[in-house]
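Structural overview
Chain by chain, the residues:
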Amino acid sequence: MSSTRTPNLVVGLAIILCTVAALPAVAQPARDAQCTLCHGELELIRRHTTSLDEARALVVFDSTLRRSAHDSLSCSSCHTGFDRYPHEPNGQPGTRSCSACHEAAADVYARGVHAEASVARDAGQPARAATCADCHGIHDAVPIDTGSVDARARLNRDCVACHASAALPPDDPHAGAVTCASCHAAHDTRRVDDVAASVAPLAQPATCGACHAAAADSVPHDVHGRALAALDPAPGLSRLNARDDAPPTCSSCHSAHGMRAPSREAFEQQMVEACGTCHVDYSSTYFGTYHGKATALGSEIVATCNACHGAHSILPADEPASSVSDAQLIETCGACHPHADAHFVLYDSHPDPWNRERNPPLFYSFIFMNVLLFGVVGVFTLHTALWWLRLWLDRRKGAPAHGRETRD
Amino acid sequence: MAYPALQPLDTAQRGAGPYVWRFTLFNRLVHGLALSTFYILVLTGLPLRYACAPFASELMRLWGGVHMAGIIHRVAAVVMVAYSLVFAVYLIVRVVRSPNPKRMLWGSDSLVPHPQDAKDFLKQWKWYFTGRDRPRFGRYGYLEKLDFFGEVWGLVIIGGSGIVLWFPELFSRWLPGWWFNVATVFHGFEALIAACFIFIVHFFNVHLRPDKFPLDAVMFHGRATMQYMEEEHPELAEELALRPAPSREAVVDAPAPPPSREAVVDAPAPPPSRTASIVSAVLGFIALGVGIMCIGMILWAVAFC
């Protein structure tokens, strides 16, 4: 078998090699030689222009085109109406739009915020908008490469050129890992408050889930995902996060630009604040406990919200699958308190001393200690104040300070 | 000038007359331990209870973080329980060895509350309003007894709840978990009561009231003048005057018998040396200052949280 296969392999390899070697000849650019005659020579063009910058804009080096994805195109593929020399003095230089070939991309782009801005700009309004060329380049356009940190940094540089404040800080876990377009969509880029934006609250599970599949998959089953699904989409969806009853989506907890890695303690600290913005009562009762107070003072080992309730699979305590259900509480508390038992977990992690129904012993001991505190402080403050007043009155009357003589 | 220069600051050295020993060295060492552990416990516990106070984070940082503060809090608590137990044994030995144990348990030397204390308490209020008939105290007035039993009560409540909160996994064998909620309330409130009581009752009665202001260093150098005794503890002073000990008149009439260098309660004492006076005044003012700072922080925290 192997003796018959070897010649076949050699022949096959030879054919492939010849084809590859012949490719440049086959794909020889059909660039019009006349164009490069002038537009390939900077010094020549400079003589016909008023400034060096203008000249530079009119020069296209062959080497640039060779490296680009459009190497196989002729100049006239895009630049129409230049078939004479000298060019028509009053003729509008016809530049074919990219959409002539890239129809699908152009259609999507037309729906996005950059197209909207470019229309406004064309209508004479002071708007800046990224066009195809702003991101892809013109004569040096190459296929999008997201394969390396450097390549992603190059792509992001185009966006940051206008959106400077959106640049990710170096300690953001996404910095260098994704491109702007990973989240904001490349052509269908929309405002954050646009309902249809890829980063709109309702779209976040899908957008973020493209990479974070495990988190996104569990979200629909937990309380926040359910609330999201049950949300009446009619009013104010575009400003979902501004609604009081809006359930959180990815960015509500993780933020967006400048986020912290969830593995870091600082993130858990940030989450205690974030959860508290909606769960006000649970937040205030948490901060009444040792867990809450130590966390507020910078402890990184005591229980935070996530430690007990989880992150993407939060469930109400009355569901057996919940990490804080009666069935699982021993295990949940046991993560930090190894000897936790059924007795131990009767601790009230969100104690409200004013709530008699919830925790009667706490309520009564709180009332008792308050009565004791105000009783002791009240009686003895009066005791002290009147004592001071008595001595002051005696002193004013000139009576001896210690009242010794009055006894005699 | 016959009196040390610090005499005007230290009300225990007021007036003329010989000195008597009021507190033994052991008494004073225990008091020193009591006040230093108390302040450490307050200053490590307060920022946790009032974690929302503006000073809390900074104070915790000074202690080396909330967990280091917790360790210091527990060490101070163990020291406090230890000297309290030692002092309890000392009291028992004192009673047993006393030639008159009954007098130690129920009499003018006793710390045990008497019906007379209730009468004195009412008399004190009457004096506030009438200006007549100020109560006359013996060795321990009702305020000293309150100081002592306030600490005993505080130690039981705060220490008991504290040890439950220290070892929750252990105590949950016997106590349902909601006891930790209750223990937290008892611990925090009783600590607040203790701190307020120290300021309102102890500081005012001992140091700050106008007839003692600004400092009573008797607990630091251990002795007081007879005038002090006659004014602050008249019943005891009368008794001492009957004993074959120097009274003010004796100083005038005849040379006093040699005072005891060793601190023996009620024995004649030499006047405190200049060094002893200075050290006592400095320690006393530091302790008083820290205490006033503590109460200021409590008020600040209560106003803020």
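Structural notes, computed from the coordinates. (Residues numbered from 1 in each chain as written. Chains lettered and ligands numbered in written order. Predicted model: local features only at pLDDT ≥ 70, side-chain atom pairs only at ≥ 80, totals over all residues.)

Chain A puts 46 residues into the contact, and the matching count from chain B is 41 residues. Those elements that place two or more of their residues in the side of chain A that touches chain B are α18 (290-296), α21 (360-397) and α22 (404-407) of chain A. Take the side of chain A that touches chain B: its biggest share by element is 21 residues, from α21 of chain A. Residue composition of the side of chain A that touches chain B, by class: 27 nonpolar, 12 polar and seven charged. (Contact = placed C-beta atoms within 7 Å. Helix = DSSP H or I, 4+ residues; strand = E, 2+ residues; numbered from the N terminus. Nonpolar A, V, L, I, M, F, W, Y, C, P; charged D, E, K, R; others polar.)

A separate point is the environment of Arg128 of chain A. All names here are of chain A. Within the fold, Arg128 resides in the loop between α8 (113-122) and α9 (132-136). The class for Arg128 is exposed, based on 11 C-beta atoms found within 10 Å. Separated by 10 residues in the primary sequence, Arg128 and Ser118 place their C-alpha atoms 6.9 Å from one another. With residues up to four places along the chain from it excluded, the contact list for Arg128 reads Ala117, Arg121 and Cys162. (Buried ≥ 20, exposed ≤ 12 C-beta atoms within 10 Å, placed from the backbone.)

Residue and element names in this part refer to chain B. With respect to the helices and strands, the residue Glu230 is situated in helix α10 (residues 226-232). Accessibility expressed as a C-beta count within 10 Å gives 20 for Glu230, which makes it buried. It is 9.5 Å that separates the C-alpha atoms of Glu230 and Arg136, two residues lying 94 residues apart in sequence.

So, about the nonpolar core. Leu297 of chain A together with Leu46, Val185, Phe186, Ala195, Phe197 and Val201 of chain B are the most contacted members of the largest nonpolar core, which has 57 residues in total. Ranked by residue count, the leading element in this core is helix α8 (residues 178-208) of chain B, at 18 residues. For Val185 of chain B, the residues in contact, after removing those within four places along its chain, are Pro353, Leu362, Ser365, Phe366 and Met369 of chain A. If you look at the next biggest cluster of nonpolar residues, it comprises 17 residues, including Tyr19, Leu215, Ala217 and Phe220 of chain B. (Core = buried A, V, L, I, M, F, W, Y, C linked by C-beta atoms within 7 Å.)

We now examine unusual backbone geometry. In this structure, Pro214 of chain B follows Phe213 of chain B across a cis peptide bond, with omega equal to 5°. Along the chain, Pro214 of chain B falls in the loop between α8 and α9 (218-221). Look at Ser255 of chain A: it is not a glycine, yet its phi comes out positive at around 55°. Tracing the backbone shows Ser255 of chain A in the loop between α15 (250-254) and α16 (265-278).

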